[in-house]
Structures are given as structure tokens and as C-alpha cells.
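Listed here are the chains, written in short residue letters.
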Amino acid sequence: MKPAPRRLALVAAPGLALALWALAGGALFHASLPLGLRGGLAAALAPALQSSGAILLGWWLAGAVLAGWLAARLHARHVAAPARLADAARLLAGNADAPRLQASGALAGLADALNRLADQRQTLQTDMARLVAEAQDKVAQERDQLGALMAELRQSVVVCNLDGRILLYNDHARGLFHRALGGQPAGGAEAIGLGRSIHAMIDRALIEHARETVDRHIARGEAAVSAQFVTATPTGSLLHVVLAPVRAQGGAISGYVLLLDDITQDYAAQSLRDRRLTQLTEASRASLANMGAALDMLDYPDLDPAERDGFHAIVRDEVAAMGRRLAALTEDASQEILTRWPLQEMLGEDLLAAAAQHVLARTGRVAGVESADAGLWLRLDSFSLIQALGALAGQLAGPQGMPPLTLRLAPAATPGWAHLDLVWPLDPAGTRAAAPPEASDIAERHGGALWLERDRAAGLAFFRFLLPTAEAGPQAEALEPRPEYYDFDLFAASESSHSLDDQPLDRLTYTVFDTETTGLNPAQGDEIIQVGALRILSGKILRGERFDQLVDPGREIPEASIPYHGIRPEMVQGQPRIGQVLPAFHAYAADTVLVGHNVAFDMRFLQMKEAATGLRFDQPVLDTLLLASIAQPHEPSHSLEALAARLGVGIAQRHNALGDALVTAELFLRLLPLLRDRGIVTLGQARAAAAQSYYARLRY
Amino acid sequence: MADRVLIADDEPNIVVSLSFMLKREGYEVLVAPDGTQALAAIRAERPRLVLLDAAMPGLSGFEVCEAVRADPGLSGIRILMLTAKGRDTDIARGMGAGADAYVTKPFSTRDLIARIREMLA
């Protein structure tokens, strides 16, 4: 019933009821009369009704209107107003910004109370949102700071959870493992990556032993709880590793930090030093013995002149030999100082700019800057050097204040060295300036020297640092930019406690891959010609850690297959054979779940190679084709194209292994929520459902 | 008859002085410039004493010493190692190889002569 007719009924109802009540009373009265009286009464009333019936009708009508008005008022007040209030309150419950409640009369108090509740809730919500935003900002900031700090550290840092999965690493660590592997492994796969196992690079037993050491330190309540060890990589590099635990607030260990140093060179340098020292000692002893014996012989009084000359010649010869040895040693030693102290390479102009800024901050005096060679690179410990320049400038202040200062950089006459001068006008009274010993130490650390020089002709005095130059800029390590993100959530996931099958699908690490082949039948000699893969970690695709490798199949590529993969025979020339690629891919995929579209096809090719390579891909495998058939059972096609179109994934490079792997990865991520709606949450559930699926029964 | 002494050293500058001195002391002096020739000379000439340098081309002094001690036919030969290798480990190695005395360079010629006389007495 619409509001208007309903209202009409509401208003008319009391009048009608009144009429019915009166009629019913009249009828009852009429029925109670004896039959004789009924006729008389009717006859007596009929004329009266005819003349004054209108009065009765009017009286009823007035009563009906009054009752109708009363009913409408009562309804509005006790039914309509509370209902409106309820609606408004419901709205307010859903949306704190909705208009506040308004009511009059008895409901006003209730509305006011509700409004106050709503206000309180809104304040709470705003506060909460602000706190959350602040906390997020702080976390993001800390994370960025940590990331920046790690990137700047000269040491290699890797953070792992208790299972050895990598949560964070810096570029130095990547470079270190990169070099330790002897350059790029096949497929562009890096040696380490987020979510991957550190045990691929460092023996599990070594890390466990170090962890036991840490546990012992902690149990004994020692302050320093780190452990260290040295390990050799497959290519013979020596790594010095310090392992320190990451402890949560409660004190429980949630992971560990590895600080790594490639000590191959240090170790080699140390051995070389030891060897040189021994050689020098022994050679000197021999020389001294030779000279001593010859001198003793010269003591014999009865030598003939030829004998005497012979012994003299021996002494002269040995003196010359000792001189030569010492000269060679000094040469080596100065080289060694350069390698031992951590000097970094820096553009000379950058050093001048930084030094001028520091001098300004320290003395309040703007220093002029002169550089004779804009492309001059230096090898130095910039921090101490700049501090030393600041200290030198600071002590130049005389009674007249600070003299005007200039920083001057020029190549020295000796190749491989440069002069860095702190210049001021020569004071006729003579400055009392002298180089402090700390500044001289810093110069020596560079293998150089520091002295005070006066150029009377130009009227200048200057402190001169003799510093080593560098060939060019730092050797650019052809490394990719910083990792895409740090996944500290992995701290929470200690997977050793429960098997992979119990893990939620969105917490696992996946290797999504695809292969291109010369044909469809591995058993009849078809071979893999391309492998492309990438990684999914905690629901995100890591585009930086990809595997992309062409493979020389060692046979011709059928012309008919080329439209399907676009790989021409000349493209695989000089590429590694599958025997070299599979170990790299195996390492890349280690400890992850494999994902592919119609992956049974690819797995058949991998399995054919098991005997030859000895590599088994025995990790869990998921097929997006089967998962799609579970998630959308009523769709007619689950081909990569159809699925991509349905789920809104763009295909950039179809039939390129890496391109297809990327599409598959995006499809997989989009299938996960659909699977969750069907109650499939863990890896075990997904595998069970896939095994039951129509396609699996059809195809396997 | 004069005792025969072999000087095995690759440095002529010491060989000249040692052989001059030993000849003046009345010994018959043989010289070998490396380990291989030293061993050959020992086998051929049977010197009573060998002044043996440790670091020589061919066989090292230690190896020569071991070879002599391994050969029962050469049992009477006394060996004095005269070498610049002066670390404790070197001395232990020399004595372990069977040297009768170990003298590190530089040395006093007077002490050396006294030592040689004592060993040949």
C-alpha cells in the first residue's frame, strides 16, 4: 500500500469503527425488543429520522473527523517518528559522516544520546586512522632508512629468517655472490634473491653450527652473541661470515643477519706479506753470513792480493744485493698500504666541493675552489681527509680572523699522485701553522704525505696533501638497481614448523616458468630451446629476479615450429646447452613451488633430462590450467589466451617463454581469490582439487 | 789423510769463504752447487762431513739429508745444516731429517770451525 492510501485508511478507520459500533449497538437494541415493539418503534422512528436524522449523521461525522485526526497524530508521533529515527540511526551506524539525528518531543532525548555516541565513534575513527597513517609512515620511513643504510654499507649484508630464506640483502651482497660465482650464471639468474634460500650459497651445516654457537653465547648470557666462520665458494673465493641473531622483543630469535666479506684478496695479500717477510729474513741472513764469513777471511794476515780482492768483492756484492732487496720491499709496502686501508674512489671535484662545505661549516669562511683537471679521480678515505682539512683550516685563524682560503687540486709531477692544497696568503709576520700529527697520519694512510709549503714568489702558503689518484671512476658493477622490496613478513613465516601443504597459497614462494621447444614430443627427440621464469613472493611478482635463457638444442629447429616460438636457428648459436642451463634453473627454482600453464607439458621435458643431468624437479607443482578449471568450471576454454581475456591480463609477448611465464604469473595471482571463494586456501587443498579436476582426469 | 768435507750451497759468495777457510784448516774440500749434485757427490766421494744449505735448486737440503739417512751405506756421514732458514719449524724439520747439527746464518766462522773440529774428532 502506498503512503497516501494508507494514510487515508488510517484517518478513516476510527470514523468507520465508530459508525460500525453505533450500528451494532442499534442492531443489538433492535434485536432485544419484542416483535410487537419492533414494528412500533420503526414506525415511530422513521419520521423522526427523516426530519432530524441529519443531526445524528452530523454528530457521527464530527466524531469520525475528530477520531481520524487523533489517530493521525498518534501515528505520526509514536510510529512514524521512531521509524524515521531508526532509519537515520541505521544510516549513521554505517557512515559516521551521515547527518546527525533530529527528533522532537519524547524522542529528542534518545536522538541526542545517539548523536553523542556517533560523535564519539567518529572521533575514535579519526584518531585511529591518524595513528594508523602515522605508524605506516614511520614504518615506511624506517624501512627506507634501513634500505638506504644497507645500500651505502661497504659490507655485504644478508638478512634471513630461521629457515635461511632471504628477507633482505644489499647490492654489495649481490655483487659479492655474483663475483663468487665467477660472473653471471646462465639465464641471468642471480645467486641470491628475496625469498630464496641462503643455503644455496653457504652450506647449511656451517650456518647451523654458527647458530648453535650463538645459542650457546645467549645461554651463557654473554653480551656479544655473534658467531663467525670462513667458507669457500665453488669458485675458490674465501668468504668471512659474521652471523648475528635477529631477536624479537621477547628475546626469541626470529632470524639472523649475515655480514659477509670476501677475504680472498686479503688472505692472498696476507700470505704474500708473510712470504715476503720470510724471504727477506732469509735472504738477509744469507747475505750477512756471506759478508761475515768474507770479513773473517780478510782477517787472515797472509792473504795474497787476489784473495783479498775476492773477499772484498763478496762484501760489496752482498751490500748491493741487500740494497736492491730493500728498495723492492719499500715499493711493495707502499702499494700494500693502499690496498689495506679502505680507500674509495672519488671524483676530485666532488672532494673539493665536500671539503669546501665542511670548511665553511667549521670556520664560517667560504673557501675558493680550484681544480686543474676536472676529470681527476682520487683514491681516498674522504671522511677523514675532509675532517683533516677542516681541522687544518680551523687552526689558521689569527688575530685578524680567518685568512681567505682556497682549496686547490692538481696532478703531481709523479704519475699516479695528486696535490690537494689548502692555500692562504703568506702572512709577512710568518704563520705559526704546522701540520698536526693526526693529519699527517691520515696522509700516510693514503700512502701519501702532508707538508707545509711556502711559495714566496706568489705570496702564498699552503698545506699540501700528496694523494694517490685512481684510474677512472669506480669499476661500475653491472648490477640491477636495488631489490624491489624487502619482505620482513617472512620473519613471521617459519616454514620448518609445518609442511608446505599446510601453507596458505598467498604466503608461498613460487617459480612461474614456461619453456619453448622444437616440438611436442620429448620422447622423439624434441628439445627445449628457451626457458623463462620469474618469481612470486608473498603475492607479488618479482620482476627483477627473472630467468631468461635461450638453449642450443643440439639439433635443427623445425621450420614449422618457428611461428610458435619465434626462435630462429641463428639465435641459439653459441647459447649454452640444456646440460648447462638446467643446473642454473634448478638452483633458481630450489625451495619454491613450480607454477606453469599446462605445466605437465614442460615437466615432461624436464623429466626427460633427469637421467642425463641427475637433477630432479621434485618440488610441488601447480598448473594454472587446472586451477582455472576449478575456479571457473563452467567456462568452455582455459587456454592461456582465453583465461587472460577473462581475467583482464594483457598479453605482451605470446610464445616467448618469459612473456608467457609473466602472463601465467599474473593469471595465477588473479586465480587465488577465486579459489579462496571455493574454499581452496592452502597448497594442499589446491593440489588435491587439481588432482580431482576434470582436466586432470582427462589429461594425465 | 785429510778429512774430506763437502760444501753444498748454491751461493758462490759463501762457498768461496768456507772453502778457503776449510782448506786453511787442512781439510779436503768438495763443492756442490745444488741438491742433486750434492747427493751424487756424497755417494761418489763419501765425505766425512757435509755442510748443507737448506734452500737449493733441485733437491732441498732437507731432502738431501733425508736421502742420506735413508741409505744405510752412507751411515757414517755427519751432516751440519748451515742455512738462512731460522724459524723453529725449520730447525725442527732439519733435525727431524737427521742432521747432526743445525747452524743458522749469519754465523761466527770461529764457532763454525770449532763445531766442525768437534764433529770430526
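Rules behind the numbers
Residues numbered from 1 in each chain as written. Chains lettered and ligands numbered in written order. Predicted model: local features only at pLDDT ≥ 70, side-chain atom pairs only at ≥ 80, totals over all residues. Helix = DSSP H or I, 4+ residues; strand = E, 2+ residues; numbered from the N terminus. Buried ≥ 20, exposed ≤ 12 C-beta atoms within 10 Å, placed from the backbone. Contact = placed C-beta atoms within 7 Å. Axes fitted to C-alpha atoms, helices over the stretch in contact; angles between N-to-C directions. Parallel < 35°, antiparallel > 145°, perpendicular 65-115°, else oblique. Nonpolar A, V, L, I, M, F, W, Y, C, P; charged D, E, K, R; others polar. UniProt positions renumbered as here; feature names shortened; annotations may be inferred. Left-handed = near helix turned anticlockwise from the far one by under 90°. pLDDT = per-residue confidence, 0-100. Pairing = 2+ DSSP bridges. Right-handed = clockwise from strand over helix to strand, strands pointing away. Core = buried A, V, L, I, M, F, W, Y, C linked by C-beta atoms within 7 Å. Domains from an automatic or database assignment.

Now for the overall build of chain A. Within chain A, the regular secondary structure consists of 20 helices and 17 strands. The buried share of chain A, reckoned over its 700 residues, is 27%. In chain A, 66% of the contacts between residues at least 6 apart in sequence involve partners at least 24 apart.

For any two helices packed against each other, one specifies the inter-axial angle together with the distance between the axes. Residue and element names in this part refer to chain B. Contact geometry of helix α3 (residues 61–70) with helix α4 (residues 88–97) gives a least axis separation of 8 Å together with a crossing angle of 20 degrees. Comparing the axis directions of α3 and α4 gives the class roughly parallel. In this structure, α3 uses Phe62, Cys65, Glu66 and Arg69 to contact α4, whose residues at the interface are Arg93, Gly94 and Ala97. Grouping the amino acids of the contact of α3 with α4 by side-chain chemistry returns three nonpolar, one polar and three charged.

For the rest of this paragraph, the subject is the UniProt feature "modified residue: 4-aspartylphosphate" (unreviewed entry) in chain B. Residue and element names in this part refer to chain B. Sequence positions flagged by UniProt for "modified residue: 4-aspartylphosphate" (unreviewed entry) are, in local numbering, Asp53. Relative to the elements of secondary structure, Asp53 occurs in the loop between β3 (49–52) and α3. Residue class for Asp53 comes out buried when judged on the 27 C-beta atoms lying within 10 Å of it. Setting aside residues no more than four positions away along its own chain, Asp53 makes contact with Ala8, Asp9, Asp10, Gly61, Leu82 and Thr83.

Before going further, it helps to examine the interface of chain A and chain B. Where interface size is given, it is often the accessible area lost as the parts come together that is meant. Between chain A and chain B, the residue contacts involve 16 residues of the former and 16 residues of the latter. Among the secondary structure elements, those contributing two or more residues to the side of chain A that touches chain B are α6 (264–298) and α7 (305–340) of chain A. Looking at the side of chain A that touches chain B, the element that brings in the most residues is α6(A), giving 11 residues. Of the residues contributing to the side of chain A that touches chain B, the split by class is eight nonpolar, three polar and five charged.

Take the packing of helix α16 (residues 624–631) of chain A against helix α18 (residues 657–677) of chain A next. All names here are of chain A. At a minimum axis distance of 10 Å, the contact between α16 and α18 shows a crossing angle of 30 degrees. With respect to α18, the axis of α16 lies roughly parallel. Of the two elements, α16 crosses α18, and the hand of that crossing is left-handed. Contact residues: Thr624, Leu627, Ala628, Ile630 and Ala631 in α16; Thr664, Leu667, Phe668, Leu671, Leu674 and Leu675 in α18. Taken together, the residues of the contact of α16 with α18 sort by class into nine nonpolar, two polar and no charged.

With that settled, consider the confidence of the model for chain B. Here chain B averages 91 in pLDDT, and 99% of its residues register 70 or above. Across the whole predicted complex the pTM is 0.48, and at the interface the ipTM reaches 0.85.

Regions with low pLDDT carry predicted coordinates that are not meant to be interpreted in detail. All names here are of chain A. When pLDDT is averaged along chain A, the result is 82, and 91% of the positions lie at 70 or above. Mean pLDDT per element in chain A: helix α20 (residues 694–699) is the minimum at 57, and strand β16 (residues 593–596) is the maximum at 92. Note on residues 473–485: pLDDT is under 50 here. Beyond four places in sequence and across chains, it has 17 contacts. When the criterion is pLDDT under 50, residues 493–497 qualifies, and its contacts beyond four places in sequence or with other chains add up to eight contacts.

Residue and element names in this part refer to chain B. Counting buried residues along strand β4 (residues 78–83), five of its six residues qualify, which places the element largely inside the surrounding structure. As defined by bridge partners, β3 adjoins β4 across four bridges and the pair is classed as parallel. Directly across from Leu49, in β4, lies its bridge partner Arg78. In terms of handedness, the path from β3 via α3 over to β4 forms a crossover that is right-handed. Direction of pairing for β4 relative to strand β5 (residues 101–104): parallel, over a ladder of four bridges. In the sheet register, Leu82 faces β5, and the bridge partner there is Val103. Note on the crossover from β4 through α4 to β5: the handedness is right-handed.

Right, let's get into the sheet that holds strand β4 (residues 238–247) of chain A. Residue and element names in this part refer to chain A. In spatial order, the strands read β2-β1-β5-β4-β3; together these five strands make up an open sheet with antiparallel pairing. One side of each edge strand has no neighbouring strand; the edge strands of this open sheet are β2 (166–169) and β3 (227–232). Sheet twist, expressed as the mean angle between neighbouring strand axes with direction ignored, is 25 degrees. In this structure, β4 lies alongside strand β5 (residues 253–262), joined through nine bridges in antiparallel fashion. Each residue of the ladder has a partner; that of Val241, found in β5, is Leu260. Across the sheet, helix α4 (residues 171–180) touches β1 (156–161), β2, β4 and β5, and the angle it forms with β1 is around 95 degrees.

This brings us to the nonpolar core. Residue and element names in this part refer to chain A. Ranked by size, the top nonpolar core spans 81 residues in total, and within it Val158 and Val512 carry the most contacts. For this core, the element with the highest residue contribution is α18, accounting for nine residues. Split by domain, this core shows at least three residues from each of two domains, domain 3 (153–262) and domain 6 (498–699). Ignoring any residue separated from it by four or fewer positions in sequence, one finds Val158 in contact with Ile166, Tyr169, Ala173, Ile192, Ile198, Leu258 and Leu260.

Here the focus is the pairing of β16(A). Residues and elements named next belong to chain A. Side chains of β16 alternate between two faces, with Val593 and Val595 and Leu594 and Gly596 buried alike. As paired elements, strand β13 (residues 509–517) and β16 share three bridges and run parallel to each other. The residue bridging Thr511 from the neighbouring strand is Leu594, located in β16. For β16 and strand β17 (residues 621–623), the ladder comprises three bridges, and the chain directions are parallel. Counterpart to Leu594 in the pairing with β17 is Val621.

Now for the sheet that holds strand β15 (residues 540–550) of chain A. Residues and elements named next belong to chain A. Strand order across the open sheet formed by five strands is β15-β14-β13-β16-β17, with mixed pairing between neighbours. Of all strands in the sheet, those with a lone pairing partner are β15 and β17, marking the two edges. Taking each pair of neighbouring strands and ignoring which way they run, the sheet shows an average axis angle of 25 degrees. With nine bridges connecting them, β13 and strand β14 (residues 528–537) associate as antiparallel partners. Paired with Thr511 across the strands is Arg535, a residue of β14. The strands touched by helix α13 (residues 578–589) are β13, β14, β15 and β16; relative to β14, the strand with the most contacts, the crossing angle is about 10 degrees.

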